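Chain by chain, the residues run as shown.
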Amino acid sequence: MMSSRFTAIKESQNRNAIAIQENGRRSDLFGVNVFNEKKMLQYLTKDAFEGLKGAMDSGSKIDRKIADQVAEAIKGWAISMGATHYTHWFQPLTGSTAEKHDAFFDLMPDGTALEKFGGGQLVQQEPDASSFPSGGIRNTFEARGYTAWDPSSPAFIYGTTLCIPTIFVSYTGEALDNKAPLLRALGAVDEAATAVAKYFDKTVTKVNATLGWEQEYFLIDKALAYSRPDIMMTGRTLVGETPAKGQQLDDHYFGVIPSRVLSFMSDLEKECTKLGIPVKTRHNEVAPNQFELAPVFEEANLAIDHNLLLMDVMDKIADKHHFKVLFHEKPFAGINGSGKHNNWSLQTNTGVNLLSPGSTPMKNLQFLTFFINTIKAVNTYEELLRSSIASASNDHRLGANEAPPAIFSIFVGTQLSNVLDELEGVSKGKLSPEEKTELKLNVVGKIPEILMDNTDRNRTSPFAFTGNKFEMRGVGSKTNCAKPMTILNTIVAKQLKDFKKEVDALVDKKNLKKDEAVFNVLREYIKTSKRIRFDGDGYSVEWENEAKRRKLSNNKNTPEALEVLTSKDSIALFESMDVMSEVEVGARQEVDLENYIMHLQIEGRVYNELVYGYILPSALEYQNKLIKNVSGLKEIYGAAHKKFTEGQLTMIEEIAEHVVSIKKMVDAMADARKKANALKDTKKKAKSYCFDVKPYFCEIRSHSDKLEKLMDNTLWPLTKYRELLFIE
Ligand code: ADP
Ligand code: MG
């Protein structure tokens, strides 16, 4: 029987690009499947529209009468678009999204059929979601969970289903999902940032966090991906020898997009456009078969919904084009992995980007205020921010010299560093008229021109200022951005709140003018948050040593990175900002640890399967072939055989050595797993998986990769890297 590897190769070579019709302009297609403002105006009465719009903008509750009207309108629109079902669409703690479909169709007591969907169904639903992990919240409170409509993210139709974005909470109010804490964090940053923005412009009434993500991914032919049990079960290759040609030629980066991929991308972009996801750029990434997609930035909550939706749509469209899309952070050893940069900023309802320098000294002082407060927030809570991107799969990437290290630092560039250095010299207390003029003309006033030519972009920094936004680069490609965005917005909110208190105190008690007070507080912040600023090579050993001296955290694995979540300071932060209670934080830590454990457990089991089911049998088969050859030669040549069998005999021995070692390692790993599984405490269990089980993975892999190199190509059962990565 031909091995599934060769059948898959044959299948993949016979494929052609699917033709995608480009009919009409993308802008005409934008949002056709979304119940957006245009449709609201069309389908809602004026009262209902205003009620809904008010709730969307302020995050307030919607009264039942309006909910009924909105439901009726959405139903009318959805059915006219061919929808037959509706679902509350939510983000369980496990990472992706979940949905439970109900038909609009209903039967009346007299047996007549009709389509039903009222305010009740729109606003709240009780999915039987008891199997979603709740980190012990449900057990503690014996509470059921329900989903509740999030009107700030519009409903959309996907396939024939109307999807209503919702939060998932327990009846006692605890968040069981990733969206509820995010919305609270966005509320906190809105309140704190608006109060500070009012120093500079009294007309500001709301500040939105903005997010522009960049999604990296791999596309692998479906048949080839399916031929590898490790890719199917874990999303990555657990073994596999790096091919002779990897990414060292850099010939894939920004290169010509292969035709099958291009047609996948066109199809995907069309679907995204209909769903209101403003996709904009696409290009090849560094590694072979790796690509990136980025949209125009949006309000953070919406951007996150769109990223989650995108990942789902990508899966489906990829399948249609006979691809499997890999979101794993490190699907291939020795080749770059995938991340998801999070570009973040704050924007006022008056349309001003608070992290963008302006044309007047006052606007620049506003910029510096938000810029320096963000630096201070990250300095104080660097470890917490690191925890927000921790996962078993991202552990492969952080610190692997292709993604930023596990150490958080901020890149601001030489020019802004100089500005900060100068501001550090501002006098204490009141400023003389000369000093004020000097500051306005030569320090604050110079910023816009400076940034124009601030082109040095440090790719090794995990948190870089890029002209008018910060870019968080360590986020994993699979990660739900809600996690890092919840933490980032919470810490910035806390920082801005503290800042306002300090400035107000200087104005009230020390009689300083507002701008003097702002300069005074910022000066101190610059001094106290110096350790987080680093413009050098984040991949270098020197930086690792220097960071240690600066007492920055360097948590290289998930169990250690997650510890800080439940520290006294973290809980005080979350509670003071009304983002999460102690129970909610603990639950998240528990779920993340459980996830980590399960991830490694599955990988361990797949290693077992690979070794016993694939690698050992083929190694022995090849060894037998060699043995047969040697005995044949012996038969012919008798004692003189040595001249011809020397090479084969060494190979037989080499194979034997790898066979013995790999078997030993797999068995020892299974024992280590058993021991870890017996531990009751989740933290201890996660650490045991990290330190007692995981180290075997590399060893097993190393033996397997050596065997792969040594063996008859036709007998190797697992689809090789060059086949996975270079067949187009
Ligand atoms: P690059 O970093 O690749 O050179 P850009 O600087 O144009 O490209 O932007 C990268 C990403 O940053 C894009 O996804 C874009 O949507 C996002 N972005 C731009 N401005 C903002 C902003 N004010 N807030 C959040 N994201 C932004
Ligand atoms: Mg970028």
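Cut-offs and rules
As a convention, each chain's residues are numbered from 1 in the sequence order in which they are written. Here every chain gets a letter starting at A, and every ligand a number starting at 1, in the order they are written. Two thresholds apply to this predicted model, a pLDDT of at least 70 for residue-level local features and 80 or more for giving and counting side-chain atom pairs, whereas whole-chain, interface and lining totals are computed over all residues. Each side-chain value is derived from all of the structure's non-hydrogen atoms; neither hydrogens nor water enter the calculation. Nearness here has a simple test: a residue counts as near a molecule or strand if at least one of its heavy atoms is within 4 Å of that partner. Any pair of N or O atoms that falls within 3.5 Å is considered a polar contact. Within protein, one atom must be able to donate a hydrogen and the other to accept it, and sequence-neighbouring residues count only if both atoms are side-chain atoms. For the area figures, the Shrake-Rupley method with a 1.4 Å probe applies, and any residue is considered shielded solely by the protein chains shown. Helical segments are the DSSP runs of H or I of at least four residues, strand segments are the runs of E of at least two, and each set is numbered from the N terminus. Ten residues, namely Ala, Val, Leu, Ile, Met, Phe, Trp, Tyr, Cys and Pro, are considered nonpolar, four, namely Asp, Glu, Lys and Arg, are considered charged, and the remaining ones, Gly among them, are considered polar. These domain limits were set by an automatic method or by a database of domain assignments. By the convention used here, residues are in contact when the closest approach between their heavy atoms is within 4.5 Å. Here the quantity called buried area is the total loss of accessible area, with a 1.4 Å probe, experienced by two parts when brought into contact, counted for both. The salt bridge definition used is simple: a Lys or Arg side-chain nitrogen within 4 Å of an Asp or Glu carboxyl oxygen. To sort residues, take the accessible area from a 1.4 Å probe on protein chains only and compare it with the maximum for the residue type: under 20% means buried, over 50% means exposed, and anything in between is partly exposed. The arc in question is traced by the directions running from the helix axis to the C-beta atoms. Metal coordination here is assigned from N, O and S atoms located within 2.8 Å of the ion, or within 3.2 Å for Na, K and Ca; omission of water means that sites may look incomplete. Counted as positive: Lys and Arg. Counted as negative: Asp and Glu. His and the chain ends are not counted at all. Buriedness of a pocket was judged along seven lines, with at least five required to meet protein on both sides within 12 Å; pockets are open sets of points on a 1 Å grid over the protein atoms alone, cavities are sets where a 1.4 Å probe fits but cannot get out, and lining residues have an atom within 4 Å of a point. Grid points are joined across faces, edges and corners, and a volume is the space filled by probe spheres set on the points. Each axis is a line fitted through C-alpha atoms, and for a helix only the stretch in contact is used; angles between axes span 0 to 180 degrees, taken between their N-to-C directions. Two helices cross in a left-handed way if the nearer one is turned anticlockwise from the farther one by less than a right angle. They cross in a right-handed way if the turn is clockwise.

Visitor: Can you help me understand the site of ligand 1 in this one?
Guide: Around ligand 1 sit Thr210, Gly212, Trp213, Glu214, Pro295, Val296, Phe297, Asn343, Ser345, Asn353, Arg457 and Lys469, and those are all the residues in its vicinity. Taking Lys469, its side chain carries an N or O atom lying 2.8 Å from an oxygen atom of ligand 1. When isolated, ligand 1 has an accessible area of 570 Å², and the protein chains bury 71% of it. Contributions of two or more residues to the shell around ligand 1 are made by β9 (207–221) and β14 (340–348). Counting residues per element, the shell around ligand 1 draws most heavily on β9, which supplies four residues. Here the residues of the shell around ligand 1 are counted per class, giving four nonpolar, five polar and three charged.

Visitor: What am I meant to see in the domain arrangement of the protein chain here?
Guide: The parts lose accessible area when they come together, and the size of an interface is often stated as this lost area. When its domains are assigned, the protein chain resolves into domain 1 (31–177), domain 2 (187–580) and domain 3 (595–726). When each unit is reduced to the centre of its C-alpha atoms, the spacing between domain 2 and domain 3 is 41 Å. Between domain 2 and domain 3, the contact holds 38 residues from the first and 30 residues from the second. Carbon and sulfur atoms make up 66% of the area that domain 2 and domain 3 hide from each other, which totals about 2900 Å². Counting the surface domain 2 buries against domain 3, the share from its top three residues, Leu238, Val239 and Glu241, is 22%. Where domain 2 meets domain 3, there are three salt bridges. The salt bridge involving Glu603 is made with Arg236; its shortest N-O contact spans 2.8 Å.

Visitor: How do you make sense of helix α1 (residues 4–13) when you look at a structure like this?
Guide: One full turn of an α-helix is made of 3.6 residues, so residues set three or four places apart face in the same direction. Residues of α1 that are buried: Arg5, Ala8, Ile9 and Ser12. Along the axis of α1, the buried residues cluster in a sector spanning 100°; they form a single face. Contact partners of the buried residues in α1: β9, α9 (222–226), α11 (259–274) and α26 (721–726).

Visitor: Mind showing me how you'd approach the coordination of the magnesium ion (ligand 2) here?
Guide: In an ideal tetrahedron of four donors about a metal, each angle is 109.5 degrees. In an ideal octahedron of six donors, the angles are 90 or 180 degrees. Looking at the magnesium ion (ligand 2), one finds its protein donor set to be Glu214 (OE), Glu214 (OE) and Glu471 (OE), positioned 2.2 to 2.6 Å from the metal centre. You can see Glu214 sitting in strand β9 and its partner Glu471 sitting in strand β17 (residues 470–472), a full 257 residues away along the chain. In this structure, Glu214 and Glu471 share a single accessibility class: buried.

Visitor: Got a minute to help me understand the side chain of Lys685 in this structure?
Guide: Mapped onto the elements, Lys685 comes out in helix α25 (residues 682–710). Summary of buried charges: Lys685 has no salt-bridge partner, and the nearest side chain of opposite charge, Glu594, is 5.6 Å away. If we ignore the near neighbours within four places in the chain, the residues touching Lys685 are Ile597, Ala676, Asn677 and Leu679.

Visitor: Could you clarify how one ought to interpret empty space enclosed by the protein in this entry?
Guide: Taking a probe equal in size to a water molecule and rolling it over the atoms shows the remaining empty space. Under the counting rule described, the total for this entry stands at seven cavities of 30 Å³ or more. A volume near 180 Å³ is recorded for the largest cavity. Counting residues per element, the ones that place at least two in the lining of the largest cavity are α18 (482–509) and α23 (582–637). No other element matches α18, which puts four residues into the lining of the largest cavity.

Visitor: Would you mind going over the side chain of Thr161 with me for this structure?
Guide: Of note, Thr161 is situated in strand β8 (residues 161–170). Within polar-contact distance, the side chain of Thr161 engages the side chain of His101 at 3.5 Å. Among residues more than four places away in sequence, those in contact with Thr161 are His85, Tyr86, Thr87, His101 and Phe156.

Visitor: Just checking my understanding: could you explain the packing of helix α15 (residues 414–424) against helix α19 (residues 514–528) for this structure?
Guide: Between two packed helices, both the angle of their axes relative to each other and the distance between the axes serve to describe the pair. Between α15 and α19, whose axes approach to 8 Å, the crossing angle comes to 115°. Pair α15 / α19 crosses with left-handed handedness. Here Leu420, Leu423 and Glu424 of α15 lie close against α19, whose contacting residues are Phe519, Arg523, Ile526 and Lys527. Per-class residue counts for the contact of α15 with α19 are four nonpolar, no polar and three charged.

Visitor: Quick question: what am I supposed to make of the pattern of salt bridges here?
Guide: For side chains of opposite charge, pairing can occur when their charged atoms come near one another. Applying the stated criterion across every chain yields a total of 40 salt bridges. Here Asp68 makes a salt bridge to Arg64, at a shortest N to O gap of 3.6 Å. Pair noted here: Asp68 and Arg64 are both in helix α5 (residues 64–80), with a separation of four residues, about one helical turn. On the basis of relative accessibility, which here comes to 52%, the residue Arg64 falls in the exposed class. With its nearest N and O atoms 3.4 Å apart, the salt bridge here joins Asp712 to Lys625. Residue Asp712 is found in the loop between α25 and α26, and its partner Lys625 is found in helix α23; the two are separated by 87 residues along the sequence.

Visitor: Would you mind showing me how to read the layout of surface pockets here?
Guide: Volume-wise, the largest pocket comes out at about 1400 Å³. Mapped onto the lining of the largest pocket, the elements with two or more residues apiece are α3 (37–43), α4 (46–58), β6 (145–149), β8, α8 (179–197), β9, β12 (298–299) and α12 (300–320). Per-element accounting of the lining of the largest pocket gives the leading share, seven residues, to α8. Grouping the constituent residues of the lining of the largest pocket by class yields 23 nonpolar, 13 polar and 10 charged. Both of domain 1 (31–177) and domain 2 (187–580) provide at least three residues apiece to the lining of the largest pocket. In this structure, the second largest pocket spans a volume of roughly 1100 Å³. Lining the second largest pocket are 40 residues; nearest its centre among them are Thr94, Gly95, Ser96, Lys478 and His599. The set of elements that each furnish at least two residues to the lining of the second largest pocket consists of α10 (229–234), α12, β13 (323–326), α21 (558–562) and α23. The element best represented in the lining of the second largest pocket is α23, accounting for seven residues.

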